[in-house]
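Inside the fold
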Amino acid sequence: MDLDALRYGNFSQLGEAVTDWEQMTRKLAELMKAAQDDLKAKADKARWAGVNATVSREFVDRTAAEFADAHTQAGSITKILSDTRGELLDYRTQVNDAIERGAKRNLTVVDTGAGTFTVSGNTRPDWASDPGGGSGATDQRAVDDLRDEIQRILSKATESDNSAAKVLSLLVDQAKYGFSDAAYADRDSAARAVVAAEKLARAAKDPASMTLDDIAAFNRTMGKYNGDPLFAEQFARELGPRGTLQFWTEMTYAHAGARGSELDTMKALQKNLSLTLATASFSDSDAMQDWKRDLIAERNTNFRAGGAFSPIGALGSQVLSSLMREGQYDTEFLDDYREKLFKADKAAGDAGTDDLWTKGYDALDVVFGDGNGRDPLEGLFDGLSHNPEAATHAFASKSDLDHMLGTTSTPRGENRSDARWRQRSPASP
């Protein structure tokens, strides 16, 4: 932020924006209450049948939920704007006080544009004949101290301004249509979530350097924020679709055969990562739409662990499905992934399905303490069981279900697909 922008910027417009959002939040609170107490309450009590019992009631429920989300989002925006304005006004006071103190020491501060400024001393012409022996030389230490103080203030003001812009953009972009239910009490809490996500993503890009203590700290942060929409999206975007799957591949390879506290740590990591990605899947931002599409596109990629030429690895679908065992993923995302996974499983035919997920390399176990994750449909079914709408769509896919309930026998003498469906099937709607 430029010095003059902080000193002379018109923050009254930001104050007017805060006032407008405060009024909007109050109005939306009234509409939310009316939607819940009148519209939804009556729909819940109505004895509707047929289309009204499904389509109309669902429409009413979603409309009431949108009013609640609108109120939540407006409240978050209000708090973020208010906090930012208050901070910028405080930084303005600090920088003006610093400049005033400098002036008393004959130091002048000038904005030179493009984010730079100068601090220089004013030499008094009468000092040359000062009977007291005063010197006209500027105290360089005083110049440097004032420069550093002003720079610190400007840096804080810039961070305040930039972080507000970032969290507001992330917040608004969460929902392409309608509103986000992400709630934040203040600007700092939203900014901390984003910073925490960026820190964890940087660590996850170098999994080989992570000790068990590092992973435990990673877990603590992710356990705190895995349900936070801004944290989840920023973590997923920073790490990227391929980076996300590679991270979990490397973790399962490095800690294969874990026991005791190590096993507990890895189970917690799998859970936290699953919950975080599930939260991220609900974002409708353009960046996350691309992320979800690209993540599913990695389902046939062979992810190697321990180096590019390692024979040990897992398919992208195996890695992704192993991270669906916890949390509720977005319905459209689950539908898209399920359709492609069912198609691959069905195309292999009953005779070839057992080899479909392990052929071509030494398969890596991608779960901890619950099977080995080599059949990606198992993890998918867990994901479907947490989303009734997506489960309903899965049950409606009759041709796929017929394939799942085929008659091919496993070496253990039982129907492989039937057993898999019975053990991991999504909850019946």
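Residues numbered from 1 in each chain as written. Predicted model: local features only at pLDDT ≥ 70, side-chain atom pairs only at ≥ 80, totals over all residues. Heavy atoms only, no water.

Things to note about the overall build of the protein
Helix and strand content of the protein: 16 helices and five strands. Residues counted as buried form 44% of the 429 residues belonging to the protein. Of the contacts formed within the protein by residues at least 6 apart in sequence, a portion of 76% connects residues at least 24 apart. Looking at the protein as shown, the accessible area adds up to about 21,500 Å², and 50% of this sits on carbon and sulfur atoms. (Helix = DSSP H or I, 4+ residues; strand = E, 2+ residues; numbered from the N terminus. Buried < 20%, exposed > 50% of the residue type's maximum accessible area, 1.4 Å probe, protein only. Contact = heavy atoms within 4.5 Å. Areas by Shrake-Rupley, 256 points an atom, 1.4 Å probe, with all protein chains shown as cover.)

A closer look at the nonpolar core
Among the nonpolar cores identified, the biggest contains 52 residues, and Phe218, Phe235, Phe247, Trp248 and Leu380 are the most heavily contacted of them. In terms of residues, this core owes the most to one element, helix α9 (residues 260-280), which gives seven residues. When near neighbours in sequence (up to four residues on either side) are disregarded, phenylalanine 235 contacts Ala197, Leu200, Ala201, Phe218, Met222, Leu273 and Thr276. Residues Leu88, Ile99, Ala142 and Leu154 belong to the second largest nonpolar core, which totals 19 residues. (Core = buried A, V, L, I, M, F, W, Y, C linked by side-chain atoms within 4.5 Å.)

Observations concerning helix α5 (residues 187-204)
For α5, which comprises 18 residues, the first-to-last C-alpha distance of 26 Å matches the rise-based estimate of 26 Å (1.5 Å per residue) to within 8%. Along α5, the residues classified as buried are Arg187, Ser189, Ala190, Ala191, Ala193, Val194, Ala196, Ala197, Glu198, Leu200, Ala201 and Ala204. (Expected span 1.5 Å × (residues − 1).)

Looking at the pairing of strand β1 (residues 107-113)
Here is the key point about a regular strand: its side chains alternate between the two faces of the sheet. Alignment of β1 against strand β2 (residues 116-121), held across six bridges, turns out to be antiparallel. Note on β2: the bridge partner recorded for leucine 107 is glycine 121. (Pairing = 2+ DSSP bridges.)

Quick notes on the packing of helix α4 (residues 140-173) against helix α7 (residues 229-239)
Look at α4 against α7: their axes get within 10 Å of each other, and the N-to-C directions meet at 95°. Relative to α7, the element α4 is oriented roughly perpendicular. Packed against α4, whose contacting residues are Lys166, Val167, Leu170 and Leu171, the element α7 presents Leu230, Glu233, Gln234 and Arg237 at the interface. The class makeup of the residues in the contact of α4 with α7 is four nonpolar, one polar and three charged. (Axes fitted to C-alpha atoms, helices over the stretch in contact; angles between N-to-C directions. Parallel < 35°, antiparallel > 145°, perpendicular 65-115°, else oblique. Nonpolar A, V, L, I, M, F, W, Y, C, P; charged D, E, K, R; others polar.)

As for the pattern of salt bridges
When the charged atoms of two side chains lie near each other, side chains of opposite charge can form a pair. Under the definition given, this model contains 15 salt bridges. Residue aspartate 144 pairs with arginine 147 through a salt bridge whose shortest N-O separation is 3.3 Å. With aspartate 144 and arginine 147 both in helix α4 and three residues apart, this pair spans about one turn of that helix. One salt-bridge network, held together by shared partners, links Glu87, Arg187 and Asp188. (Salt bridge = Lys/Arg side-chain N within 4 Å of Asp/Glu carboxyl O.)

A word on the confidence of the model for the protein
For the protein, the average pLDDT comes to 81, and 79% of its residues sit at 70 or higher. Counting interchain partners and residues more than four positions distant, the pLDDT-below-50 stretch residues 127-136 has six contacts. Note that pLDDT drops below 50 for residues 407-424; the model gives that stretch 41 contacts with residues more than four away or on any other chain. (pLDDT = per-residue confidence, 0-100.)

Side note on the side chain of threonine 244
As for its position among the elements, threonine 244 is in helix α8 (residues 241-254). For threonine 244, a relative accessible area of 1% puts it in the buried group.

Looking at unusual backbone geometry
Only a minority of non-glycine residues have a phi that is not negative, and only a minority of peptide bonds are not trans. Positive phi, close to 65°, is recorded for asparagine 106, a residue that is not glycine. Inspection of the secondary structure puts asparagine 106 in the loop between α3 (51-104) and β1.

Concerning the packing of α5 against helix α6 (residues 212-225)
Two numbers describe how α5 lies on α6: the axes approach to 11 Å, and their chain directions differ by 140°. The angle between α5 and α6 places the two elements in the oblique class. When you trace α5 past α6, the crossing you get is left-handed. Touching Arg192, Ala193, Ala196, Leu200, Ala203 and Ala204 of α5 are Phe218, Thr221, Met222 and Tyr225, all from α6. Within the contact of α5 with α6, the residues separate by chemical class into eight nonpolar, one polar and one charged. (Left-handed = near helix turned anticlockwise from the far one by under 90°.)

Here we look at the side chain of glutamine 318
Its place among the elements puts glutamine 318 in helix α11 (residues 316-322). We classify glutamine 318 as buried; its relative accessible area is 0%. In terms of polar contacts, glutamine 318 uses its side chain to reach the backbone carbonyl oxygen of arginine 374, at 2.7 Å. (Polar contact = N/O pair within 3.5 Å; in protein donor to acceptor, adjacent residues only side chain to side chain.)

Some remarks on the packing of aromatic side chains
Given two aromatic rings, their pairing is described by the distance between the two centres and the angle made by the two planes. In this structure the tally under the stated criterion is seven aromatic pairs. Aromatic pair tryptophan 248 and phenylalanine 368: ring centres 5.9 Å apart, planes at 70°, arrangement edge-to-face. Of this pair, tryptophan 248 sits in helix α8 while phenylalanine 368 sits in the loop between β5 (362-363) and α13 (376-385), and the two are 120 residues apart along the sequence. Its relative accessible area of 0% is what places tryptophan 248 among the buried residues. Seen from their ring centres, tyrosine 329 and phenylalanine 333 are 5.8 Å apart, and the 20° between their planes marks the pair as stacked. Tyrosine 329 gets classed as buried once you look at its relative accessible area, which sits at 1%. (Phe/Tyr/Trp six-rings, centres within 6.5 Å; stacked < 30°, edge-to-face > 60°.)

Concerning α13
Burial within α13 is extensive, with nine of its ten residues counted as buried. In this structure aspartate 375 caps α13, since a side-chain oxygen of it lies 3.1 Å from the backbone nitrogen of leucine 377.

Side note on the environment of asparagine 219
Looking at the element boundaries, asparagine 219 is found in helix α6. In this structure asparagine 219 comes out as buried when scored by relative accessible area, which is 9%. Note: C-alpha distance between asparagine 219 and leucine 200 (19 residues apart in sequence) is 9.6 Å. Apart from the residues lying within four places of it in its own chain, the contact partners of asparagine 219 are Thr265, Ala268, Leu269 and Asn272.

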